[in-house]
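As a plain string of letters, each chain reads:
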Amino acid sequence: QHRKCLDLASSARMRWCVVVLLVLALGLSTSYAEEEIDFYEVLGINRDADAAEIKKVFRKLSIKNHPDKGGDAKKFQQIQRAYEVLSDEELRMVYDHAGHEGLDQHEKGQNAPVSPFDAFFGGGQRGVNRGPDAKVDMHVSLEDMYNGNDVSMSIKRRIVCRNCKGRSNWRKDHCKDCGECPPEIKMVQQQVAPGFVVQQQQQVPSEHRCKNEPKELKLTVEKGAPDGYEVKFKGASEQSPGQVPGDVIVSLRQKDHSVFRRKGNDLHMTMEITLKEALVGFSRTVKQLDGRDIIVEETGVTGPYSTKVIKGEGMPIHGFPSETGDLKIQMKVKFPKKLTPEQAEAIEKLFV
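This structure is a prediction, so every number in the text was calculated from the model and none was measured.

A. Local environment of the sheet that holds strand 9 (residues 261-263). Spatial ordering of the open sheet is given by 9-10-16-13, a layout of four strands whose pairing is mixed. Here the strands that pair on one side only, and so sit at the sheet edges, are strand 9 and strand 13 (307-310). In this sheet, neighbouring strand axes are inclined to one another by 30° on average, regardless of whether the strands run parallel or antiparallel.

As structure tokens, this is what we get:
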């Protein structure tokens, strides 16, 4: 049959043969579609249930419905499958936002073989539909980066209102504060020739409802974290129906400090001393970022704009907090604006 197709002289008939072969190949590669059951209803839990509650309910239901104790085998399998998905943070997120179809695509993975149809028409990308990431800056103090600290910030994001799908639910009390959602991308069937139907993507109005709400992001600033260090909050970005939300990536931005400047793992500062101190020596105290007093002293002559290095009093090295950089102090000598005749005469006698 294939040889007959290849021998056809008409280019139009040749194209139809290619379509026939591709559709037949698609039929052979059709994936298993999981039964459309609500995993939350299977376990009888709320959509906001935490991991401990899910595990507790699963244990109770699995014992009650075990086939060895007279339970229904199909229901027992559904309970196991529901727990498998809802107890896994990543799978649960995919299921919550992309349903069974997205879950099926996600579990097949990006490396699954593509169909001949995908290859022929330039497709071949598998995996769940995922929204874009969002990047935000969080300004933290140099003290936070030196000592480490728990900080938080609030962002506003769009969420999909739970249990508001379908116009019949839009008037319910828990949906009244919700508005329109972005359009969804759905796979629809389209007839391309008598007896031949292909699937293609199409933008359709969403039956879900959405609203904006604040989201608190809590994170730990690690000791020695560099300026621009990124912390990722998985799935915390804006939500859209049928789509797994992207991540929120928080960049730590260091605030300016009144005393210290940070350069890599070293701390820099400027210390102003008098001409007398520059000539005969001095002893000063510097308050470190953790509240300790650091003694800075010199017994000899200090040149203008010379740098005094205090080993081990810089920033903790990120990832190796027991190791630290240095504190580098640039000396600024404050000269008197003028000298009295007596002072000038005394200096001339000293420096002959």
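And the narrative resumes.
B. Local environment of the pattern of salt bridges. Summed over all chains, the structure comprises 16 salt bridges. A salt bridge links Arg 253 to Asp 137, with the nearest nitrogen and oxygen atoms 3.7 Å apart. Note that Arg 253 is positioned in strand 8 (residues 248-254) and Asp 137 in strand 1 (residues 134-140), a separation of 116 residues in sequence. The exposure class assigned to Arg 253 is partly exposed, which follows from its relative accessible area of 31%. Here Asp 173 makes a salt bridge to Lys 176, at a shortest N to O gap of 3.3 Å. The structure contains a network of salt bridges with shared partners spanning Arg 130, Asp 133 and Asp 247.

C. Representation of the side chain of Gln 288. For Gln 288, the location among the structural elements is in the loop between strand 11 (282-287) and strand 12 (293-298). In this structure the side chain of Gln 288 is engaged in a polar contact, spanning 2.9 Å, whose partner is the backbone oxygen of Glu 313. Beyond its immediate chain neighbours, meaning those up to four positions away, Gln 288 contacts Tyr 146, Phe 260, Leu 267, Ile 294 and Glu 313.

D. Local environment of the environment of Gly 325. Assignment of secondary structure puts Gly 325 in the loop between strand 15 (320-324) and strand 16 (327-334). It is 9.4 Å that separates the C-alpha atoms of Gly 325 and Ile 310, two residues lying 15 residues apart in sequence. Leave out the neighbours within four places in its chain, and Gly 325 touches Asn 265, Asp 266, Gly 312, Glu 313, Gly 314 and Met 315.

E. The arrangement of the state of the cysteines in detail. Per the stated rule, a full pass over the model turns up three disulfides. Here Cys 161 pairs with Cys 178 through a disulfide, and the sulfurs are 2.0 Å apart. Handedness here is read from the sign of the S-S torsion; for Cys 161 and Cys 178, about -110°, the answer is left-handed. Note that Cys 161 is positioned in the loop between strand 2 (149-160) and strand 3 (179-180) and Cys 178 in the loop between strand 2 and strand 3, a separation of 17 residues in sequence. By the burial criterion, Cys 161 is buried, and Cys 178 matches it.

F. Looking closely at the packing of helix 4 (residues 51-64) against helix 5 (residues 73-86). Remark: helix 4 packs on helix 5, axes separated minimally by 10 Å, with the N-to-C direction vectors making an angle of 165°. As summarised for this structure, helix 4 and helix 5 are arranged roughly antiparallel, according to the angle between their axes. With respect to the hand of their crossing, helix 4 and helix 5 are arranged in left-handed fashion. The segment helix 4 lies against helix 5, with Ile 54, Lys 55, Phe 58, Leu 61 and Ser 62 engaging Phe 76, Ile 79, Gln 80, Tyr 83 and Leu 86. Counted by class, the contact of helix 4 with helix 5 contains seven nonpolar, two polar and one charged residues.

The rules we used
Residues numbered from 1 in each chain as written. Predicted model: local features only at pLDDT ≥ 70, side-chain atom pairs only at ≥ 80, totals over all residues. Heavy atoms only, no water. Pairing = 2+ DSSP bridges. Helix = DSSP H or I, 4+ residues; strand = E, 2+ residues; numbered from the N terminus. Axes fitted to C-alpha atoms, helices over the stretch in contact; angles between N-to-C directions. Salt bridge = Lys/Arg side-chain N within 4 Å of Asp/Glu carboxyl O. Buried < 20%, exposed > 50% of the residue type's maximum accessible area, 1.4 Å probe, protein only. Polar contact = N/O pair within 3.5 Å; in protein donor to acceptor, adjacent residues only side chain to side chain. Contact = heavy atoms within 4.5 Å. Disulfide = S-S within 2.5 Å. Parallel < 35°, antiparallel > 145°, perpendicular 65-115°, else oblique. Left-handed = near helix turned anticlockwise from the far one by under 90°. Nonpolar A, V, L, I, M, F, W, Y, C, P; charged D, E, K, R; others polar.

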